[in-house]
Amino acid sequence: LNVSKTKKDLASNISHKLGISHIHAHKLVSLFFMYISENHENKINIHNFGTFISRYSPERIGRNPKTREEFKIRGRKKFSYLASETIKKTLN
């Protein structure tokens with residue numbers, strides 16, 4: 001069963017494990033995600049977890065699968081997560 005987890009679930013788990021209030025745990029989780037998003041220009045490496053990195057995706061040609069009509073997809077920045085070897089081992 002694949003159940004998605006929310007930021008609230010993460011904060012609740014941290015609250016129970018650290019013995020802190022739900023409010024403080026939610027603030028901690030929010031600050032972490034805010035830090036990651038505000039520093040998207042930098043490579044952020046978290047030991048034994050992974051790396052968050054900003055990449056540029058160049059302009060390319062896309063195609064509507066129903067009509068086969070081609071159109072241009074503009075280049076844009078993307079934010080990626082690369083899992084560490086430790087995380088990869090736990091997944092497999």
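Every value quoted in this text rests on a predicted model; they were computed, and no experiment measured them. (Residues numbered from 1 in each chain as written. Predicted model: local features only at pLDDT ≥ 70, side-chain atom pairs only at ≥ 80, totals over all residues. Heavy atoms only, no water.)

## Some thoughts on the overall build of the protein chain
Reasoning step 1: If you tally the helices and strands in the protein chain, you get 3 helices and 5 strands.
Reasoning step 2: Counted from the first residue to the last, the protein chain has its helices and strands arranged as α-α-β-β-β-β-β-α.
Reasoning step 3: In terms of overall dimensions, the protein chain is more spread out than a globule: its C-alpha atoms have a radius of gyration of 18 Å, far above the 12 Å expected for 92 residues.
Reasoning step 4: Seen along its three principal axes, the alpha-carbon backbone of the protein chain occupies a region of about 55 × 35 × 30 Å.
Reasoning step 5: For the protein chain, the residues scored as buried account for 16% of the 92 residues in total.
Reasoning step 6: Pairs at least 24 apart in sequence give 32% of the contacts found in the protein chain among residues at least 6 apart.
Reasoning step 7: Here the protein chain displays about 8,000 Å² of accessible surface, and carbon together with sulfur accounts for 56% of that area. (Helix = DSSP H or I, 4+ residues; strand = E, 2+ residues; numbered from the N terminus. Rg over C-alpha atoms; globule rule 2.2 N^0.38 Å. Buried < 20%, exposed > 50% of the residue type's maximum accessible area, 1.4 Å probe, protein only. Contact = heavy atoms within 4.5 Å. Areas by Shrake-Rupley, 256 points an atom, 1.4 Å probe, with all protein chains shown as cover.)

## As for the environment of Lys-72
Reasoning step 1: Note on placement: Lys-72 falls in strand E4 (residues 70–73).
Reasoning step 2: Ignoring anything within four residues of it in the chain, the contact list for Lys-72 reads Glu-59, Arg-60 and Ile-61.

## Comments concerning the sheet that holds strand E2 (residues 50–57)
Two modes of strand pairing occur in sheets, parallel and antiparallel, and in both the strands are linked by backbone hydrogen bonds.
Reasoning step 1: Within the open sheet, the 3 strands sit side by side as E1-E2-E5. Their pairing is antiparallel. Each edge of the sheet is formed by a strand with only one pairing partner; in this case those strands are strand E1 (44–46) and strand E5 (76–83). The sheet shows a mean angle of 25° between the axes of neighbouring strands, taken without regard to direction.
Reasoning step 2: Sheet topology note: the E1/E2 ladder contains 3 bridges and is antiparallel. Note on E2: the bridge partner recorded for Ile-46 is Gly-50. (Pairing = 2+ DSSP bridges. Axes fitted to C-alpha atoms, helices over the stretch in contact; angles between N-to-C directions.)

## Things to note about the side chain of Ser-84
Reasoning step 1: Topologically, Ser-84 is positioned in the loop between E5 and helix H3 (85–91).
Reasoning step 2: The residues contacting Ser-84, other than those within four sequence positions of it, are Asn-48, Phe-49 and Gly-50.

## Here we look at the confidence of the model for the protein chain
Reasoning step 1: Scored by pLDDT, the protein chain comes out at a mean of 93, with 99% of its residues at no less than 70.
Reasoning step 2: No element of the protein chain has a lower mean pLDDT than E5, at 92, and none a higher one than helix H1 (residues 7–18), at 96. (pLDDT = per-residue confidence, 0-100.)

## As for H1
Reasoning step 1: Given a rise of 1.5 Å per residue, 12 residues ought to cover 16 Å, and the 16 Å separating the end C-alpha atoms of H1 matches this to within 8%.
Reasoning step 2: Among the residues making up H1, those that are buried are Ala-11, Ile-14 and Ser-15. Each buried residue of H1 sits inside an arc of 105° when the element is viewed along its axis, so together they form one side. In H1, the exposed positions that point more than 90 degrees away from the buried face belong to His-16 and Lys-17.
Reasoning step 3: Summarising the contacts, the buried residues of H1 are in contact with helix H2 (22–38).
Reasoning step 4: Backbone geometry just downstream of H1 places Gly-19 in the positive-phi region, at approximately 70°. (Expected span 1.5 Å × (residues − 1). Arc of directions from axis to C-beta.)

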